[in-house]
Amino acid sequence: MKKVFLLTILLSLTFIGKAQNFLSLDSCRALALANNKDLLISNEKINAAHYQRKAAFTNYLPNFSATGAYMRNQKEFSLLNNDQKAALSGLGTNLAGPIQQVATGIIATHPDLEPLISSLSGKLLPALDQAGNSLVDALRTDTRNVYAGAITLTQPLYMGGKIRAYNKITKYAEELAQQQHHGGMQEVIMSTDQAYWQVISLVNKKKLAEGYLKLLQQLDSDVEKMINEGVATKADGLSVRVKVNEAEMTLTKVEDGLSLARMLLCQLCGIDLSSPITLADENMEDIPLLTTDPHFNLSTAYENRPEIRSLELATQIYKQKVNVTRAEHLPSIALMGNYMVTNPSVFNSFENKFKGMWNVGVMVQIPIWHWGEGIYKTKAAKAEARIAQYQLQDAREKIELQVNQAAFKVKEAGKKLVMSSKNMEKAEENLRYATLGFKEGVIATSNVLEAQTAWLSAHSEKIDAQIDVKLTEIYLKKSLGTLK
């Protein structure tokens, strides 16, 4: 699809480089496909759906995430209360009385140890005070500045079928976008062909109007001469001049219509509306027609029509949405793994260092009771799936009718072309006899005017019949999904 789209863009740039003065039907199609904004939008929708499908596949894979945090606390956490801190800070002072009593008892029993006991008592009390203060400091947590970080791994093990269903949805959605793009291309091609052949039709009708005007002007000149010679009346001259004026007005209308038709084709092709363009089939005397077989096989339409395939994909998407809705109310299991670091760390008392640990576990979530919400949502999703199925059936029936109508119009256009060709031959023969009889003076001016009007009508009907054959061929191909 992307290669085809790129090719159309390259072709359009080639044609633009040639000043856009000569265009064939294929070049008009290429330009229209490359410059149509709806097709550019639908192509981007294909890209979006493609990347959504890739994103959906990543749900099968483990998910890694990193988290970091810093927190400033007004106060630090304390393992001791104020009384315990005061007792430990004044440990030597608090024990001075009991130690003195013990020392006095020893000295009373052993007077000779008094110097030693006094020396030890003087050193022991400050040492106890210092030890108590050190212990209080050692038990400080210093948690006013807290740092934490974690790397987490999450691997889904069972999600109730949600991941598998979502992957199928995105796959169908990508193909649906492609089918819609294909359908849009067929619409652009058909609109371009209609505008192209409308221009060809008006070009031929302009030539026809110019030829008709020349016939009338020649007749007007001949009647004027006959009036001067007294073999025709002024009423005959006035009748011819009225027809000349009508022919001039008709020619003006055809020229205006042709200008508007060219502008429409330029707009479809992305060309400036004022650009002069010439179409490849403008100078053809007879529009070449292909023999279209009106017989068809409906299975071809069902296989090729992007609308049918789009509805089939929509049906599959809604079926998977039922699975997604059901999965939301089924148990889900996931493997979890973490590596966490903190500062202060608590693995060796409280330290102002980054230290961490890893952990592995399994997380299970089981919905227990939601008042029937899951049942109701699942039934609603099933109803939407049935709606899509009914729409598909309805589209098949309508396409069958559309294909039959298109085939009927192809047959009808072929018959009209045959009849109009025969009528044109008769009109030309009638005009030839009328002109010859008028010059011989045995046919009245009114009869010549009638023959010329019939000639104009027959030629116009043949042009319309040829264009109808072309357009009905396009309509049949589009209804069968084979328009390329």
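Nothing here was measured: the structure is a model prediction, and the numbers come from that model. (Residues numbered from 1 in each chain as written. Predicted model: local features only at pLDDT ≥ 70, side-chain atom pairs only at ≥ 80, totals over all residues. Heavy atoms only, no water.)

### Brief notes about the environment of Val 360
- Within the secondary structure layout, Val 360 lies in strand E6 (residues 355-365).
- Taking the relative accessible area as the measure of exposure, Val 360 reaches 61% and is therefore exposed.
- Non-local contacts of Val 360, meaning those with residues more than four positions away in its chain, are made with Leu 335, Met 336 and Gly 337. (Helix = DSSP H or I, 4+ residues; strand = E, 2+ residues; numbered from the N terminus. Buried < 20%, exposed > 50% of the residue type's maximum accessible area, 1.4 Å probe, protein only. Contact = heavy atoms within 4.5 Å.)

### Focus: the pattern of salt bridges
- Under the criterion given, the structure shown has 16 salt bridges.
- The salt bridge involving Glu 187 is made with Lys 478; its shortest N-O contact spans 2.9 Å. Of this pair, Glu 187 sits in helix H8 (residues 162-229) while Lys 478 sits in helix H13 (residues 445-480), and the two are 291 residues apart along the sequence.
- According to the relative accessible area criterion, Glu 187 is partly exposed, its value standing at 36%.
- Notably, a salt bridge pairs Glu 224 with Arg 241, separated by 2.4 Å at the nearest N-O pair. In this pair, Glu 224 is assigned in helix H8 and Arg 241 in helix H9 (residues 234-269), connecting sequence segments 17 residues apart. (Salt bridge = Lys/Arg side-chain N within 4 Å of Asp/Glu carboxyl O.)

### A closer look at the nonpolar core
- Within the largest apolar cluster, 55 residues are counted, with the highest numbers of intra-cluster contacts made by Tyr 196, Trp 197, Leu 265 and Leu 279.
- Per-element tally for this core: the top contributor is H8, with 20 residues.
- Residue contacts for Leu 279: discarding those within four places in its chain leaves Phe 22, Leu 23, Cys 28, Tyr 196, Val 199, Ile 200 and Leu 265.
- Within the second largest apolar cluster, 12 residues are counted, among which are Ile 308, Ile 399, Ala 406 and Leu 480. (Core = buried A, V, L, I, M, F, W, Y, C linked by side-chain atoms within 4.5 Å.)

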